[in-house]
Amino acid sequence: MTALMRAATLVLAPSLLVAATAATAHAETARGAAAPACARATLGYDAHALPPIASSVVLVTVTNKSAAACTVDRFPTVTFAGLDGTARPVPPTQSGPRLLPAKGRLYAALRTDDRGGSARYVPSLAVAANPAHPGTRFTAAAIGAPAPGIAVSDPVTTLWKKTVDEAVAALPDDPS
């Protein structure tokens with residue numbers, strides 16, 4: 001292999017990987033667009049803190065309880081009791097459909113506190129898979145947050161992922 005061919009391979013390989021990833025995401029969104037939006041009553045939620053508690057990371061799960069595939073938003077809408085705003089998605093993206101298979105589950109990781117020193121403590125958070133749905137409320141005690149409550153400072157959430165490991169891996173490194 002000539003030096004020119006090796007150089008072309010080194011430049012082309014990452015580009016092909018990015019294109020394949022984008023094509024996969026586009027195909028998944030296109031499939032999701034064909035399915036109807038999930039009805040609120042067909043969705044179940046779970047949220048619990050991941051150890052160590054001090055990390056302020058919560059695993060969020062949405063379950064489709066119906067026998068038909070439907071769509072949710074690309075990322076969960078997470079709100080915090082008494083505070084304005086929602087956790088922002090990482091990477092930054094706009095709303096769009098995400099296919100949730102019949103009886104299937106999706107996972108997102110949520111970091112509630114960036115440890116910047118200006119955290120406010122709240123007694124609960126709410127999670128919805130569709131921003132038009134009211135969220136399912138989880139108390140600090142229910143998710144396993146220590147007293148005085150859930151620490152909130154610049155919260156971020158991942159997009160919905162197929163596995164717990166994918167969701168946790170998609171969370172940016174702890175800024176502290």
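Here, every reference points to the structure presented above.
Given the structure is predicted, the values throughout are model-derived calculations rather than measurements.

### Observations concerning the sheet that holds strand S9 (residues 124-128)
To summarise the sheet geometry, strands pair through backbone hydrogen bonds and adopt either a parallel or an antiparallel arrangement.
For step 1, the next point in the chain: With respect to topology, three strands assemble into an open sheet ordered S4-S9-S10, the strand pairing being antiparallel. At either end of the open sheet lies a strand with only one pairing partner, and these are strand S4 (77-80) and strand S10 (136-139). Strand-to-strand twist across the sheet, computed as the mean angle between neighbouring axes with direction ignored, equals 25°.
For step 2, the next point in the chain: Sheet topology note: the S4/S9 ladder contains four bridges and is antiparallel. Along S9, the bridge assignment pairs Phe80 with Leu125.

### Looking at the pattern of salt bridges
When charged atoms on two side chains of opposite charge get close, those side chains can pair.
For step 1, the next point in the chain: Inspection of every chain in the model, using the stated rule, returns one salt bridge.
For step 2, the next point in the chain: Residue Asp154 pairs with Arg88 through a salt bridge whose shortest N-O separation is 2.9 Å. Separated by 66 residues along the polypeptide, Asp154 in the loop between strand S11 (150-152) and strand S12 (156-158) and Arg88 in strand S5 (residues 88-90) bring together distant segments of the chain.
For step 3, the next point in the chain: Relative accessible area serves as the criterion here: at 39%, Asp154 is assigned to the partly exposed category.
For step 4, the next point in the chain: Classification of Arg88 as partly exposed rests on a relative accessible area of 40%.

### Some thoughts on the sheet that holds S12
For step 1, the next point in the chain: Sheet architecture is open: five strands sit in the order S1-S2-S7-S12-S5, paired in mixed fashion. Both outer strands of the open sheet, strand S1 (43-49) and S5, are each paired with one neighbouring strand and no more. The average undirected angle you get between the axes of adjacent strands in this sheet is 25°.
For step 2, the next point in the chain: Across seven bridges, strand S2 (residues 57-64) lies against strand S7 (residues 105-111) in antiparallel orientation. Across the sheet, Leu59 pairs through a bridge with Ala109, a residue of S7.

### Looking at the environment of Leu83
For step 1, the next point in the chain: By the element assignment, Leu83 lies in the loop between S4 and S5.
For step 2, the next point in the chain: For Leu83, a relative accessible area of 19% gives the class buried.
For step 3, the next point in the chain: The spacing of Leu83 and Val122 is 39 residues in sequence and 8.1 Å in space, taken between C-alpha atoms.
For step 4, the next point in the chain: Contacts of Leu83, omitting those with residues within four sequence positions, involve Arg120, Val122 and Val152.

### Points about the state of the cysteines
For step 1, the next point in the chain: Enumeration according to the criterion identifies one disulfide in this entry.
For step 2, the next point in the chain: A sulfur-sulfur distance of 1.9 Å marks the disulfide that ties Cys38 to Cys70. For the disulfide bridge between Cys38 and Cys70, the dihedral angle about the S-S bond is near 90°, and by the sign convention the bridge is right-handed. Residue Cys38 is found in the loop between helix H1 (3-34) and S1, and its partner Cys70 is found in strand S3 (residues 70-73); the two are separated by 32 residues along the sequence.
For step 3, the next point in the chain: A residue is classified by how much of its surface remains accessible, and Cys70, at 5% relative accessible area, is buried.

The rules we used
Residues numbered from 1 in each chain as written. Predicted model: local features only at pLDDT ≥ 70, side-chain atom pairs only at ≥ 80, totals over all residues. Heavy atoms only, no water. Pairing = 2+ DSSP bridges. Helix = DSSP H or I, 4+ residues; strand = E, 2+ residues; numbered from the N terminus. Axes fitted to C-alpha atoms, helices over the stretch in contact; angles between N-to-C directions. Salt bridge = Lys/Arg side-chain N within 4 Å of Asp/Glu carboxyl O. Buried < 20%, exposed > 50% of the residue type's maximum accessible area, 1.4 Å probe, protein only. Contact = heavy atoms within 4.5 Å. Disulfide = S-S within 2.5 Å.

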